[in-house]
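Coordinate inspection notes
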Amino acid sequence: MKPKLILHGGAGSRKGTQIGKAFIKNIYLQAEAYLKAHSALETVIYAVSLLEDCEYFNAGTGSKLQQDGKARMSASVMDGRLQKFAAVINIENVKNPVQVARLLLEEKDHVLCGNFATHYARKKGFDFYDPVTLRQQKIWRKKFNVSVYGTVGAVALDANGNLAVATSTGGRGHELPGRVSDSAMPCGNYANADAAVSCTGIGEQIIHESLASKIVIRVTDGASLKQAFQKSFKTVRDKKYEIGAIGISKKGDIVCDTTTTHLSAAYRSSKQKLLIQ
Ligand code: ASP
């Protein structure tokens, strides 16, 4: 099986920029090389950690701020082989929320929220880290919320045919403190042995559609990944929702779609051409 990888850096209401494309391209190339010697699960954690560390994206460092000016981050991971999901919701002051979610995959309790998630991270050795950037503070002060780049996600299929997905976000920005993002729910991040999907866009709409899990189950029920995306996005378009998604099937098909002006993404075409948008 030839390994496959697709990353996204959020769905936005503005056209992509050269610098944004350069960041996602660079991270894609590192993650693609990593996938050659690692599992899909290890690779999505690696790729999302790099995206979280890049302050251009709304996840980890550079996360958007909630109404009270605080960064509360959410991230999830799903191992398609085991069909197991884990997440942290509204975690604070850690560098890589996705790595905390990864640890929870090994626990009996798979989803932790708020202070409890932060406390768990400290217990596991994650040091205090302030993810708030000056740029996001400025955006928060101006209540300016038109974004090009946003939430991040990675989907991978490894040489053994296993799928995995991870998604991480700082949220919508200016939301009520404690609001729960789709990025830490199976509607925004879902995988089984047949397909894996990561979503971005308006979290509430992704939740209403249960989009990631819906696309994956359609593949399990016999649709191709392309058909599953087309059918699911028809409803998204009919409702004028603002959502983007990326996915890979166990056959190695890669699909991405968005109803927004732009979806930041990096992947290879079936002819191995590197596509950056
Ligand atoms: N889906 C994220 C949320 O609503 C935001 C995004 O994808 O940019 O929390």
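Residues numbered from 1 in each chain as written. Predicted model: local features only at pLDDT ≥ 70, side-chain atom pairs only at ≥ 80, totals over all residues. Heavy atoms only, no water.

As for the overall build of the chain
The line we're drawing: The way it works is that DSSP assigns letters per residue, a run of H or I at least four long becomes a helix, a run of E at least two long becomes a strand, and they are numbered from the N terminus. When accessible area is computed with a 1.4 Å probe and restricted to protein chains, residues below 20% of their type maximum are described as buried, those above 50% as exposed, and intermediate ones as partly exposed. What makes two residues a contact is simply this: any of their non-hydrogen atoms within 4.5 Å. Here the open area of atoms and residues is found with the Shrake-Rupley method and a 1.4 Å probe, where only the protein chains shown may cover a residue. When charges are counted, Lys and Arg contribute as positive and Asp and Glu as negative, whereas His and the chain ends are disregarded. Here the site of a charge means atom NZ of a Lys, CZ of an Arg, CG of an Asp or CD of a Glu.
Across its full length, the chain carries eight helices and 12 strands. Here the chain holds 277 residues, and the buried ones make up 55% of them. For the chain, contacts bridging at least 24 residues in sequence account for 67% of all contacts bridging at least 6. Accessible surface, the chain: about 12000 Å² in total, of which carbon and sulfur atoms supply 52%. Of the charged side chains in the chain, 38 are positive and 24 negative; the average position of the first set lies 6 Å away from that of the second.

Here's the deal with the packing of helix 2 (residues 40-53) against helix 3 (residues 97-104)
We count it as follows: For helices, the fitted line uses only the C-alpha atoms of the stretch in contact; every axis is such a line through C-alpha atoms, and the angle between N-to-C directions lies from 0 to 180 degrees. Should an angle lie under 35 degrees it is considered roughly parallel, over 145 roughly antiparallel, and from 65 to 115 roughly perpendicular; all remaining angles are considered oblique. Amino acids outside the nonpolar list (Ala, Val, Leu, Ile, Met, Phe, Trp, Tyr, Cys, Pro) and the charged list (Asp, Glu, Lys, Arg) are all regarded as polar, and Gly is one of them.
Put simply, helix 2 and helix 3 touch, their axes get as near as 8 Å, and they point 155° apart. If you check the angle between helix 2 and helix 3, you find them roughly antiparallel. Of helix 3, the residues touching helix 2 (which contributes Leu41, Ile45, Val48, Ser49 and Glu52) are Pro97, Val98, Gln99 and Arg102. Split by residue class, the contact of helix 2 with helix 3 holds five nonpolar, two polar and two charged.

Some thoughts on helix 3
The condition is simple: Here the arc refers to the directions that run from the helix axis out to each C-beta atom.
Those residues of helix 3 not exposed but buried are Pro97, Val98, Val100, Ala101 and Leu104. Projected down its long axis, helix 3 shows its buried positions confined to an angular sector of 155°, all on one face. For helix 3, the secondary structure elements touched by its buried residues are helix 2, strand 2 (73-79), strand 3 (84-91), strand 4 (111-113), helix 4 (114-123) and strand 6 (163-169).

Notes on the pairing of strand 5 (residues 152-157)
Applied cut-off: Pairing between two strands is assigned when DSSP locates at least 2 bridges connecting them.
With six of six residues buried, strand 5 lies mostly within the body of the structure. Pairing of strand 1 (residues 4-12) with strand 5, which is carried by five bridges, proceeds in the antiparallel orientation. Within strand 5, the residue paired with Leu7 across the bridge is Ala154. As defined by bridge partners, strand 5 adjoins strand 6 across six bridges and the pair is classed as antiparallel. Counterpart to Gly153 in the pairing with strand 6 is Thr167.

So, the site of the ligand
Rules: Being near a molecule or strand, for a residue, comes down to having at least one heavy atom within 4 Å of it. Under the rule applied, a polar contact is a pair of N or O atoms within 3.5 Å (in protein, one hydrogen donor and one hydrogen acceptor; residues adjacent in sequence only if both atoms are side-chain atoms).
Near the ligand you find Thr151, Thr169, Gly171, Arg172, Arg179, Ser181, Asp182, Thr200, Gly201 and Gly203, and these make up its full shell. Here a nitrogen atom of the ligand sits 2.7 Å away from a polar atom, N or O, in the side chain of Asp182. Between the ligand and Gly201 there is a distance of 2.7 Å, counted from a nitrogen atom to a backbone nitrogen or oxygen. Of the residues contributing to the shell around the ligand, the split by class is no nonpolar, seven polar and three charged.

Description of the environment of Glu204
Looking at where Glu204 falls in the secondary structure, it is placed in helix 6 (residues 203-209). Expressed as a C-alpha distance, the spacing of Glu204 and Met185, which sit 19 residues apart in the sequence, is 11 Å. Apart from the residues lying within four places of it in its own chain, the contact partners of Glu204 are Arg172 and Arg179. A polar side-chain atom of Glu204 sits 3.1 Å from a polar atom in the side chain of Arg172.

Section: the sheet that holds strand 7 (residues 189-191)
Pairing is antiparallel across the open sheet formed by four strands, whose spatial order is 7-8-9-10. The open sheet has two free edges, formed respectively by strand 7 and strand 10 (254-258), since each of these has just one partner strand. If you compare each strand with its neighbour and ignore which way they point, the axes differ by 10° on average. Both strand 7 and strand 8 (residues 195-201) contribute to a ladder of three bridges, which runs antiparallel. Across the sheet, the residue bridging to Asn189 is Ser198, located in strand 8. Running over the sheet, helix 7 (residues 211-220) touches strand 7, strand 8 and strand 9 (243-249) and is turned about 155° from strand 8.

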